[in-house]
Amino acid sequence: MICVASVEGSSPENLEVVPTPPPVVQHTQPEVRYNWKDITQDFLTSCEELELGELMHDANFGLFEAMSAIEMMDPKMDAGMLGNRGDREVLNFQQAIQRETVKLKDLTAPELIGIIDTMLSSMVTWLEGHSLAQTVFTCLYLHDPELIEDRCMRAVALGVLKLVDLIKNNVNRASVFEEEDFQTMTYGFKLAGNVTDVRVTGMLREVEDEINRKVKSTRCKQGEERDPQTELEHQQNVALQARMKFCRLLLMALIAFNKPQCSGVTDGKRLLIQAGELLEVMKKTIHHGAHPDETATPGKMIPYILCYFPIIMGFEPLVNQRLLPPTFPRYTKIIGREAAMEYFQGLLNRLGQVCEVVNIISIHTILDFFIEFSKASPCVLSRSLLQVLAVSTDRKVFGTLPFREALREAVRAFNYPPALVPRSYVFNNPQAKEYVDAFLSRAVRPFSNLLQIHGHNRARQRDKLGHILEDLSSLQDEADKVDAALHSMMIKVDPQRQHLACFGTWVLYHILRIMIQYLLSGLELELYSTHEYQYVFWYLYEFLYGWLLSTLSRAEAMYQEHDAYMEQQKGGSKKKSKKKKKGRPPSKEIVLGQAEQSLCGGYYKATQGFYLDERLKKPVFEFDNEQVRYEHRFAPFASIVTPPLVPYSQFQDMVALEKFSPPLQPADFYVQACKCFQQAKNIYESFPSQTKEVQTLCKVAKTNFVVVKLLLGGHKRESKSPPEWDFTEHNTFPIIRLT
Amino acid sequence: MAEGKPENMRFDADTSTQESEGRQKLRSWLNMSLRVSMTDGRTLIGVFLCTDRDKNVILGSCQEYIQDPDDTSGEDPRVLGLAMVPGHHILKIEYDDITANQIM
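If you're wondering where the values come from, they're calculated on a predicted model, not measured in any experiment.

Points about the overall build of chain B
Reasoning step 1: In terms of regular secondary structure, chain B is built from two helices and five strands.
Reasoning step 2: The buried share of chain B, reckoned over its 104 residues, is 59%.
Reasoning step 3: Counting only carbon and sulfur atoms, one obtains 50% of the accessible surface of chain B, whose full area is about 4,900 Å².

Set out below in structure tokens:
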């Protein structure tokens, strides 16, 4: 790179013809006069003299620098080569107007439908992570809507620009995207900033009314014979009207979502439903739109582009090619019209789901909602809107409740620390209050980060979860100090009541959840080799779930202690408190945690049996060993003090079977695995709320139970081929298949 | 690295006698402006930095012209930076002769 810079320094100015000094005034293009001399033959014959592999170069230019050169005529690196195939001329909007290759007025309905559909397609392609220059702005009309005379085209163009602007702003605000998700570069295009939202929606509505009149005038009247032409016109107008309205509703919905304090969510949801209905009409009428004319100039068209980009009037895929950096990704494939409609359908559904978040009150439930929502790997726009709605505005939940207060509520609901319960001594003590407030303020950053992490794409989430453990580690430290301080204050006044590990338990709970999530996401992302499953499941089974369960039961115990205390204080009203106890959320979490622990146990025991059976083999590592892999897999856990990182030696002790006599047989492990899977199955079967997730996990546990049982019974016992881990049913907990 | 001024380099080319004639020629062109025409009709102008037996040429501060850069119809070149042209795509190579440029 250094060399490139120095080369850049020797720009044409330096190499300029000596007798003519550069005209200083001319800033745009310094006049460079060359005196070209053909040396082709000379050059080529001279090259022949070089040895194979010999480079002719200067002292400060070597192979290393040569590596960073882009290779011309390589379709992957050379973006410019595409534009040169064939004789098609690339015209910008102005030029296209001059040559009359685009119409500015009197666009026909099929043209409009085709253009709108292609715009929507390119918008979807943009949302999927491509650059604006290669997608939305291949539409020439969007370069300068002011020039368009056709009212319909103009309104749509402005509407699309507004949509792009709103989407971009929301995604930027939420900042839960990475370069693979979304391109924010606008390449200096204007996004209709000079027109207000209201004006644009108004324009769209006006045009819509106009079309509506046409729809009515061409409608089938009773007892009237209609010619096919009118019928066609009618259908086209219906199709066009649906598209106009869709654009307007989508725009209005996004505007509604951006109203402060989530006040527009109800409206937004209604608009989304309406837009969804229109999509059905649009899907059925795609054929009415103008389609790329593939027969127009055979041979002259670039076949490469044709298969990637639908060229219809008003679109020029290469118009922005020069705005792109030299090595920009080749060619962007624009998604098909049907596929784009499907995408919008999915988007509307996802946004509908997002709206539900405003009905949630507690931070813990919001976090669960985020985790659940993220499981389906939603698109960047829905992820961003979720963030914008729930947390993104100045650290307030839903734009109203300060994050710190939301956290206070969350801790209180989790285990009722005396410091957060009115009427307890430490609640009213100013010193204690100060401690608690300071702690909660400290917790705001890691917890809002935690929420934000769940807006990222799945692969990035894992990475970020690993990092946030460092923040939580210091928060844990803080929590312990606050607990100790409060405890010493409390013990003086009320020796019976304690304030031990209250905040600590809460932080620990989150740390454990993150650790489990971190390990499980490795399964989902298919990061582990099958020979790593053993220690991953072992770690989950023996430690993380164990820790999580004991943490949850401790929280439960604290809650009961609080309950008992309250009863004692009040003296009566026993009924009420009992009622409360039943619906406690941790108990549900404990049950599910137990089931997952059993599942992991089943896998771990099964792998051990497989190793003994020689169905699974540890690879012979030449350049690393299992310890290195193990330590790498659990490296992020090292920053946490509680629970401590379990060293590799402990794992080795655990799986070393030599110490047993008589020596253990594979069947011994299969029996254990069987038990584990059965236990998981039983828990899932008797779980009160049979969600889809619970049902799937139940099926996984059941199938695995049967498979291991068969194995015990001697089925395919002789086979030495490794078992298959089938993730199609559930993406973290596989079904074991024998081969 | 920064003081590697092309002007100096052009003249302190290795003139040791054991280098073959072709090598000397190539060396004399190093750090000069080259104009390379490619098989697909594009022309590149950049600083000659490196070549090998297969006539692959690396140009620095490279600019790409789609039309013939001779007719200065105001075509804006596209800046490519460091670019390598594979030998078999080269149609024509010219260099910017600054020594014979006293004619005005």
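Considering the overall build of chain A
Reasoning step 1: Helix and strand counts for chain A come out as 26 helices and seven strands.
Reasoning step 2: Each of the 739 residues in chain A was classed as buried or not, and the buried ones make up 52%.
Reasoning step 3: Sequence-distant contacts in chain A: of pairs separated by 6 or more residues, those separated by 24 or more amount to 77%.
Reasoning step 4: If you sum the accessible surface of chain A, you get close to 34,300 Å²; carbon and sulfur atoms cover 53% of it.

Some details on the UniProt feature "domain: NAA35-like N-terminal" (unreviewed entry) in chain A
Reasoning step 1: The positions that UniProt labels "domain: NAA35-like N-terminal" (unreviewed entry) are, in the present scheme, residues 53-145 and 150-196 of chain A.
Reasoning step 2: Between the C-alpha atoms that bound residues 150-196 of chain A the distance is 20 Å, and the span itself is 51% helix and 0% strand.

Overview of the side chain of Thr125(A)
Reasoning step 1: Summarising the element assignment, Thr125(A) is placed in helix α6 (residues 109-127).
Reasoning step 2: Contacts of Thr125(A), omitting those with residues within four sequence positions, involve His130(A), Thr135(A), Thr332(A), Lys333(A), Ile334(A) and Ile335(A).

Quick word on helix α20 (residues 533-570) of chain A
At 3.6 residues per turn, the α-helix brings residues three or four places apart onto the same side.
Reasoning step 1: With 38 residues, α20(A) should cover 56 Å at 1.5 Å per step; its first-to-last C-alpha distance of 53 Å lies within 8% of that length.
Reasoning step 2: Helix geometry: α20(A) is bent most strongly at Leu540(A), by close to 35°.

Remarks on the packing of aromatic side chains
The geometry of an aromatic ring pair comes down to the distance between the two centres and the angle between the two planes.
Residues and elements named next belong to chain A.
Reasoning step 1: Overall, the coordinates contain 40 aromatic pairs over all chains when judged by the stated rule.
Reasoning step 2: Seen from their ring centres, Tyr539 and Phe543 are 5.6 Å apart, and the 55° between their planes marks the pair as tilted. On the criterion of helical spacing, the pair formed by Tyr539 and Phe543 is a turn pair, its members being four residues apart in helix α20. Across the pair, exposure class does not vary: Tyr539 and Phe543 are buried alike.

Regarding the pattern of salt bridges
Residue and element names in this part refer to chain A.
Reasoning step 1: Considering all chains together, one arrives at 41 salt bridges over all chains under this definition.
Reasoning step 2: A salt bridge links Asp368 to Arg513, with the shortest nitrogen-to-oxygen separation between them at 2.7 Å. Of this pair, Asp368 sits in helix α13 (residues 363-374) while Arg513 sits in helix α19 (residues 502-524); the two residues are 145 residues apart in sequence, bridging distant segments of the chain.
Reasoning step 3: A relative accessible area of 34% places Asp368 in the partly exposed class.
Reasoning step 4: One continuous salt-bridge network, built from bridges that share partners, spans Glu178, Glu180, Arg460 and Lys464.

So, the side chain of Thr51(B)
Reasoning step 1: Tracing the sequence through the fold places Thr51(B) in strand β2 (residues 43-52).
Reasoning step 2: Looking at Thr51(B), its side chain comes within polar contact range of the main-chain oxygen of Asn56(B), at 2.9 Å.
Reasoning step 3: Apart from residues no more than four positions distant in its own chain, Thr51(B) is found in contact with Phe43(A), Cys47(A), Leu50(A), Glu54(A), Leu55(A), Met56(A), Leu26(B), Asn56(B) and Val57(B).

Things to note about the confidence of the model for chain B
Residues and elements named next belong to chain B.
Reasoning step 1: For chain B, per-residue confidence averages 77 on the pLDDT scale, and residues scoring 70 or more make up 73% of the total.
Reasoning step 2: Note that residues 1-15 has pLDDT below 50 and, in this model, 21 contacts with residues that lie over four places away or in other chains.
Reasoning step 3: Model confidence for the complex: the whole-complex pTM is 0.80, and ipTM, which rates the interface, is 0.80.

Examining helix α8 (residues 197-217) of chain A
All names here are of chain A.
Reasoning step 1: Its 21 residues place the ends of α8 31 Å apart at the C-alpha level, agreeing with the 30 Å of an ideal helix rising 1.5 Å per residue.
Reasoning step 2: Within α8, the full set of buried residues consists of Val200, Thr201, Met203, Leu204, Val207, Glu208, Ile211 and Val215. End-on, the buried residues of α8 take up no more than an arc of 155°, which puts them together on one face. Facing away from the buried side of α8 by more than 90 degrees, the exposed set consists of Val198 and Arg213.
Reasoning step 3: Against the buried residues of α8 lie α7 (151-174) and α9 (228-257).

Focus on the environment of Lys720(A)
Residues and elements named next belong to chain A.
Reasoning step 1: With respect to the element layout, Lys720 can be found in the loop between α26 (692-712) and β6 (724-726).
Reasoning step 2: Each C-alpha atom, one on Lys720 and one on Arg615, is 4.9 Å from the other, the two residues being 105 residues apart in sequence.
Reasoning step 3: Beyond its immediate chain neighbours, meaning those up to four positions away, Lys720 contacts Asp613, Glu614 and Arg615.

Overview of the pairing of strand β3 (residues 57-65) of chain B
Residue and element names in this part refer to chain B.
Reasoning step 1: For β3, the buried fraction is high: nine of the nine residues fall into the buried class.
Reasoning step 2: As judged from the seven bridges shared by β2 and β3, these two strands associate in the antiparallel manner. Bridge pairing in β3 links Ile45 to Gln63.
Reasoning step 3: Where β2 folds back on β3, the antiparallel hairpin that results is connected by four residues, among which Lys55 adopts a positive phi of roughly 65°.

Here we look at the confidence of the model for chain A
Parts of the model with low pLDDT should not have their predicted coordinates read in detail.
Reasoning step 1: Per-residue pLDDT for chain A averages 86, and the proportion of residues at 70 or more is 88%.
Reasoning step 2: Every residue in residues 1-29 of chain A is under pLDDT 50, and counting partners more than four places away or in other chains gives 43 contacts.

Description of the packing of α7(A) against α9(A)
Residue and element names in this part refer to chain A.
Reasoning step 1: One can describe the packing of α7 onto α9 by two numbers: an axis separation of 10 Å at closest approach and a directional angle of 30°. Between α7 and α9, the angle is such that the two are roughly parallel. As for the relative orientation of α7 and α9, their crossing is left-handed in sense. Across the interface between the two elements, Cys152, Ala155, Val156, Gly159, Lys162, Leu163, Leu166 and Ile167 from α7 touch Leu240, Met244, Cys247, Leu250, Leu251, Leu254 and Ile255 from α9.

Side note on the packing of α6(A) against helix α12 (residues 337-355) of chain A
Residue and element names in this part refer to chain A.
Reasoning step 1: Axis separation between α6 and α12 bottoms out at 9 Å; the angle between their running directions is 60°. The angle between α6 and α12 places the two elements in the oblique class. With respect to the hand of their crossing, α6 and α12 are arranged in left-handed fashion. Facing α6, whose interface residues are Gly114, Asp117, Thr118, Leu120, Ser121, Met123, Val124 and Leu127, α12 presents Arg337, Ala340, Met341, Tyr343 and Phe344.
Reasoning step 2: For the contact of α6 with α12, the per-class residue count stands at eight nonpolar, three polar and two charged.

Let's talk about the environment of Glu180(A)
Residue and element names in this part refer to chain A.
Reasoning step 1: Structurally, the position occupied by Glu180 is in the loop between α7 and α8.
Reasoning step 2: Along the backbone, Glu180 and Glu128 are 52 residues apart, and their C-alpha atoms lie at a distance of 8.8 Å.
Reasoning step 3: Apart from the residues lying within four places of it in its own chain, the contact partners of Glu180 are Gly129, Asn457 and Arg460.
Reasoning step 4: Here the side chain of Glu180 touches Arg460 through a polar contact of 2.8 Å, side chain to side chain.

Parameters at a glance
Residues numbered from 1 in each chain as written. Chains lettered and ligands numbered in written order. Predicted model: local features only at pLDDT ≥ 70, side-chain atom pairs only at ≥ 80, totals over all residues. Heavy atoms only, no water. Helix = DSSP H or I, 4+ residues; strand = E, 2+ residues; numbered from the N terminus. Buried < 20%, exposed > 50% of the residue type's maximum accessible area, 1.4 Å probe, protein only. Areas by Shrake-Rupley, 256 points an atom, 1.4 Å probe, with all protein chains shown as cover. Contact = heavy atoms within 4.5 Å. UniProt positions renumbered as here; feature names shortened; annotations may be inferred. Expected span 1.5 Å × (residues − 1). Bend = angle between axes of the 7 residues up to and from the residue. Phe/Tyr/Trp six-rings, centres within 6.5 Å; stacked < 30°, edge-to-face > 60°. Salt bridge = Lys/Arg side-chain N within 4 Å of Asp/Glu carboxyl O. Polar contact = N/O pair within 3.5 Å; in protein donor to acceptor, adjacent residues only side chain to side chain. pLDDT = per-residue confidence, 0-100. Arc of directions from axis to C-beta. Pairing = 2+ DSSP bridges. Axes fitted to C-alpha atoms, helices over the stretch in contact; angles between N-to-C directions. Parallel < 35°, antiparallel > 145°, perpendicular 65-115°, else oblique. Left-handed = near helix turned anticlockwise from the far one by under 90°. Nonpolar A, V, L, I, M, F, W, Y, C, P; charged D, E, K, R; others polar.

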